[in-house]
Structure formats: C-alpha cells, structure tokens
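Structure at a glance
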Amino acid sequence: MTSTTAADTPPQQQQTPSTAQKHLPPSITVTHESTPLLSTSTASTAADFSLSFSTDPLLRRREQWGVVLMALSALAFSAMALCVRQSARSLATMHIVLARSLVQWILSLVSCGVLRINPLGKKGVRRWLVFRALVSAVGLVLFFFSLTQLSLVEATALFFLGPTFTAMMACFFLKEPWTLVEGVCSVVCLPGILLVWQPHALVWGSADSPSDSSLRSLAVVCAVAGAVLSAVAYVSVKRVGNSTHFMVHSVYVSAVACGLGWIGLGWTPLPVVEDLFAVLVLVSVGVCAFLGQWLLNKSLQWVPAGLGTVMRISDVVGAYLLGRIVLEESPNGVCVLGVLLIVGMTTTLSMHRWYVEKSKALVVRMRQSRERLRQ
C-alpha cells in the first residue's frame, strides 16, 4: 500500500567514512518494508537546503538520475498496487500477501548472497529486526486489504499519512520537539481522511448499501492503521542503527509476512492458479515491490533531501494515473479534495521537519568550526 509505504523510516547501506550522512525526510514512509531511515549522499551542505539541482555538473547529473530512479520507484510501487487489485479478483488478501512475500524473500536472499551480506544481520540488533518485521508485516496485510476495497489513489493517500503519525510518535517516544506547524498540518489531515472516507451517513444521496459502506469503512480504518504501523516501524528501527543493510530488513519482513500469510490461511496451501496470466500478475506483486524498494534506496543516495521529500508525491500521482487509465477509476470531487488535503499537509509537515533538522545540524557544525578556530 505501502507504501507507501509506508513502509512506512530504516537503515542504510554500508558506506565509507568520507560519505556524509543525513536524515531521511519524514515523508519517506515505511509503506514498503525496507524503506531506509538514513540515506547517503555526496551533496554539500548548501545543496541540502535547496530544492534545485547542484551547480556542479557531475553532481547535477547524478542528482537528475536520482530523480529518474525515484520516479521509476513510484511507478513500480503503483504497479504493485495494480497487481494486487488484479489478483484480488480471484484470491484472498492473505494469498496475495503470502505469494508476494515469498517472491520478495527469495529475491532478498539472492541479493544478500550477491552482495555478500549476512541476511540475519548483527546479533545485537536481531530482536529489533524481528520486531520491526512483525510491525511492517501486519501493516502490509492491512494495506493490501485496503487496496482490494478502495481505489488505488484512496488507499495510497491514506497510507501517505505515515509521516504525520511518525512526527507524533517521535515527539512522545523519541522526545523530539512538536511545533505549531506540525500540529496544524496534523489537524488539517483529519477532514482529509473524512473526505476520502465519505461515510454512508455523511454522503447525500449515496447509493452504497449499508454493507458496502461498512466494508469501505473497514478498509479506510485498515489503511490508516497501516500508516500508524509504518510510524511505529520508523521509530523502532532507530534502535537498529545505520549499519544494517536494507536487504537484511527485506529478508526479515518478507519472512515474517510469509508466516503471517500462512497462519492467516489456516495452514492451507496456496490454491492452484491455472491461468498463466494470473500467475504472472501474482509474481509481479513481489517483483515490483522488490524493484521499487531497490530503486528508492538507490535514488535516496543521489537526490537532494529537500527535492526527495517533494518527489514522494509521485507515489500518489502514479496510483491515480494507473487507477484512472487501467482500472477506469474516477474518484469524485470530494475524494480528490481529501487526497489533496492529506498529501499537501503531509508534504508541508515533512518539509518543515526536514528544514528544522538541517538548520540544527548547520548550527552544530558552525559551533564546532568556531571552537576549532579558537584552539
């Protein structure tokens, strides 16, 4: 969903001591389980505060490629959501979760072997890896269920709330400051949820039956709950640190999701799908999720943080376009307004948090520079 995904967020690849570190913008949710909390970049401090490309020709070309990869990542995640919708016509949600997780688990193990990475991770952080995997796997199930009942853009927009819940949890559990801007953005997101939800009792002349309305309400709750779990994953993964490769997270989450899918099916085997096209669509769910996550992690190493925050909107845009073109979904004006409120406020909140973090980092570096000059 998601998701992103969110999931909604989580560690980075191994890097050399000369590589500069910077916090991932809170807009990068854990919609898709291996989303990194930290990213690497060779951009300068000045570039961190800019929404434009670097003036250096080499860096600019790298950043431009990063934007392309991020757009492709959004397309891959949207394609995954589309494949979920197609598979849901003949399979239950837990069937799709199990098949998707199995494919991604195999691809993740192969990648760990190619990169010569221990798929179990370091001993000191394995319990946190398991905890994050469990939270992300449950969020994945909820997001996939919402995809089967809501339009692609509705489910994606609701899961896009991850950064809002992340800011709240970071305030309570990580003792990070809570500003007026964050409070206003969070409050304005609430009517956005209602506008996307459009409960039966609040929609004049709604043709939905009470049962359809109840199922839609459950899907909305699942999507929002998935966004909350993406925030939990973001907060908990900080205990892991920045040395765990994102492929390790992918191994853990996909393995736990396989277990949840198997339990959810009552230990029954996957149904036999005789249609070759249906099999390809089902496998594509896992392939698109894996490919999208790899593209996202790679792009975050090259794109300036501020520009990367804005680019995350492409997830919602991609979901809308695929839903409109392929599934012929046509959300009404009320829904579109709700989506715009959620995306706009979440992006504003994320940009504000990014700017505050960078400002604090700049102040610290200036203080350290003055202290070195005095010595």
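On a predicted model such as this, the values are computed, not experimentally measured, just so you know.

A look at the overall build of the protein
Within the protein, the regular secondary structure consists of 13 helices and 4 strands. By element, 69% of the accessible surface of the protein is carried by carbon and sulfur atoms, the whole surface being about 17,000 Å².

Some words on the environment of Cys 222
Relative to the assigned elements, Cys 222 resides in helix H8 (residues 210-237). Measuring from C-alpha to C-alpha, the distance between Cys 222 and Ala 155 comes to 9.4 Å, with 67 residues separating the pair along the chain.

Side note on helix H9 (residues 246-264)
End to end, H9 covers 26 Å across 19 residues, agreeing with the expected 27 Å (1.5 Å per residue, within 8%). Residues Phe 246, Met 247, Val 248, His 249, Ser 250, Val 251, Tyr 252, Val 253, Ser 254, Ala 257, Cys 258 and Gly 261 constitute the buried set of H9. One or two positions beyond H9, positive phi appears at Gly 266, with a value near 70 degrees.

Topic: the nonpolar core
In this structure, Phe 144, Leu 147, Leu 152, Leu 158, Leu 161 and Val 339 are the most contacted members of the largest nonpolar core, which totals 57 residues. Once residues lying within four places of it in the same chain are set aside, the contact partners of Val 339 are Val 153, Ala 157, Val 196 and Val 316.

Concerning the packing of aromatic side chains
Within the structure shown, the criterion is met by 3 aromatic pairs. Each ring, one from Trp 128 and one from Phe 131, has its centre 6.1 Å from the other, and the planes form 85 degrees; the classification is edge-to-face. A residue pair is termed a helical-turn pair when its members lie 3 or 4 positions apart in one helix, as Trp 128 and Phe 131 do in helix H4 (residues 126-149) at 3 residues. Relative accessible area serves as the criterion here: at 21%, Trp 128 is assigned to the partly exposed category. Their ring planes at 50 degrees and their centres at 4.6 Å tell us that Phe 143 and Phe 159 sit as a pair that is tilted. Taken as a pair, Phe 143 in helix H4 and Phe 159 in helix H5 (residues 152-159) lie far apart in primary sequence, 16 residues in all. One aromatic cluster is present, formed by Phe 143, Phe 144 and Phe 159 through successive ring pairs.

A short note on helix H3 (residues 93-115)
Side chains that are three or four residues apart share a direction in an α-helix, a result of its 3.6 residues per turn. With 23 residues, H3 should reach 33 Å at 1.5 Å per residue; the first-to-last C-alpha distance of 32 Å fits that figure. Arg 116 sits one or two positions beyond H3 and adopts a positive phi of about 55 degrees.

Some details on unusual backbone geometry
Although it is not a glycine, Arg 116 sits at a positive phi angle of roughly 55 degrees. Residue position: Arg 116 is located in the loop between H3 and H4. For Arg 116, a relative accessible area of 81% translates into the label exposed. Residues other than glycine seldom take positive phi values, yet Glu 328 does so here, at roughly 55 degrees. Tracing the backbone through its elements, the reader meets Glu 328 in the loop between helix H12 (314-325) and helix H13 (333-374). Look at Glu 328 and you get exposed, because its relative accessible area is 68%.

Conventions adopted
Residues numbered from 1 in each chain as written. Predicted model: local features only at pLDDT ≥ 70, side-chain atom pairs only at ≥ 80, totals over all residues. Heavy atoms only, no water. Helix = DSSP H or I, 4+ residues; strand = E, 2+ residues; numbered from the N terminus. Areas by Shrake-Rupley, 256 points an atom, 1.4 Å probe, with all protein chains shown as cover. Expected span 1.5 Å × (residues − 1). Buried < 20%, exposed > 50% of the residue type's maximum accessible area, 1.4 Å probe, protein only. Core = buried A, V, L, I, M, F, W, Y, C linked by side-chain atoms within 4.5 Å. Contact = heavy atoms within 4.5 Å. Phe/Tyr/Trp six-rings, centres within 6.5 Å; stacked < 30°, edge-to-face > 60°.

By themselves these figures say nothing about function.
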